[in-house]
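Secondary and tertiary structure notes
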Amino acid sequence: MGKPAKIYLVGAGPGDPDLLTVKAQRLIQTADTVVYDRLVSREILNLIPDSVSRVYVGKVTNRHTLSQQEINALLVKLARKHQRVVRLKGGDPFIFGRGGEEALALARNGILFEVVPGITAAQACAAYAGIPLTHRGLARGVQFVTGHCKDNEALVLDPAALSDTGQTLVIYMGLAHLPQIVCDLVDAGRSADTPAAVIERGTTPRQRHIVTTLGELPQVVEQQTILSPAILIIGPVVTLAEELEWFMPWAQEVELKYA
Ligand SMILES: C[S@@+](CC[C@H](N)C(=O)[O-])C[C@H]1O[C@@H](n2cnc3c(N)ncnc32)[C@H](O)[C@@H]1O
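Predicted model, so just to flag it, every value in this text is computed and none were measured. (Residues numbered from 1 in each chain as written. Predicted model: local features only at pLDDT ≥ 70, side-chain atom pairs only at ≥ 80, totals over all residues.)

Take the overall build of the protein chain next. A tally of regular secondary structure across the protein chain gives 10 helices and 12 strands. Buried positions account for 39% of the 259 residues belonging to the protein chain. Of the contacts formed within the protein chain by residues at least 6 apart in sequence, a portion of 73% connects residues at least 24 apart. (Helix = DSSP H or I, 4+ residues; strand = E, 2+ residues; numbered from the N terminus. Buried ≥ 20, exposed ≤ 12 C-beta atoms within 10 Å, placed from the backbone. Contact = placed C-beta atoms within 7 Å.)

Strands pair in a sheet through their backbones, by hydrogen bonds, and they do so in one of two ways: parallel or antiparallel. As summarised here, the arrangement of the five strands in space is β8-β9-β12-β10-β11, forming an open sheet in which the pairing is mixed. Because the sheet does not close on itself, it has two edges, and the strands there are β8 (141-146) and β11 (208-213). Neighbouring strand axes in the sheet, compared pairwise and without regard to direction, differ in orientation by 20° on average. Where strand β9 (residues 167-172) and strand β12 (residues 230-234) come together, four bridges link them in antiparallel fashion. Opposite Leu169, over in β12, you have Ile234 as the bridge partner. Packed on one face of the sheet, helix α5 (residues 121-128) meets β8, β9, β10 (195-200) and β12 and runs near 75° to β12. (Pairing = 2+ DSSP bridges. Axes fitted to C-alpha atoms, helices over the stretch in contact; angles between N-to-C directions.)

Assigned domains within the protein chain: domain 1 (6-116) and domain 2 (121-244). Of the residues lining the interface, 12 residues belong to domain 1; the matching set on domain 2 comes to 13 residues. Among the residues forming the side of domain 1 that touches domain 2, the class breakdown is five nonpolar, six polar and one charged. (Domains from an automatic or database assignment. Nonpolar A, V, L, I, M, F, W, Y, C, P; charged D, E, K, R; others polar.)

For the rest of this paragraph, the subject is the site of the ligand. Neighbouring residues of the ligand: 23 residues in total, closest Gly91, Gly97, Thr120, Ala121 and Gly202. Counting residues per element, the ones that place at least two in the shell around the ligand are α5 and β12. Here the shell around the ligand is composed, by residue class, of 12 nonpolar, eight polar and three charged. (Near = placed C-beta within 6 Å.)

What follows is the structure in structure tokens.
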């Protein structure tokens, strides 16, 4: 009997293909089939050899190609058919990626799996916007929270958990409920003057990041037509962005054009 099939739950990172781990790159190049999400960048998909079959299971809010349950069932089915299946997910599979649910479905069906961590959007977008998430004297911790709730029900942020101004707050999927999130945070004790940043399409050549204040954030996001995927960073560390900005994709494009 040959080796049993295995599913690899692989983090693809935030978009820049150079941020893939060596293990992720090796796995996508040697897989039988790759099942991927909407947030996996085109540059990363281009690294998959033509001989490897691909299955798209992307989700946009309220518009799912397949439901999560159907994705879980598909992974179980593919594991019974193929030797080496890569389930490629944006960022890290275990951070707001429902990788835990997929791993549970595999474990409960007796299917072998491995989890390959990826660089999560919070880390990558902060780094590419020149924002250290912790910084001595400005933030002694960081919290990652989601601004999106199950089945689009009203969002409830826990004020007690979010009031600590010594913690940088990173909010994933925060655009849809932004005005409410800002109200909740101000009610929880975060000043409306707290520095805040929004980073759209972080780490890609189309990255945009805007620095403002918590109170101004909804208006800025609307005026600048910031679209998903975008992440919010709130806390005094955001003030460092001006001095630490290093990623200037527009400048690199110009450099390449005239090299
Ligand atoms: C379903 S969550 C997936 C998070 C992913 N598992 C991770 O670890 O980054 C999708 C959210 O992640 C954030 N995100 C992912 N990639 C991003 C990027 N390149 N730039 C900005 N935000 C991003 C956005 O808030 C987006 O709505």
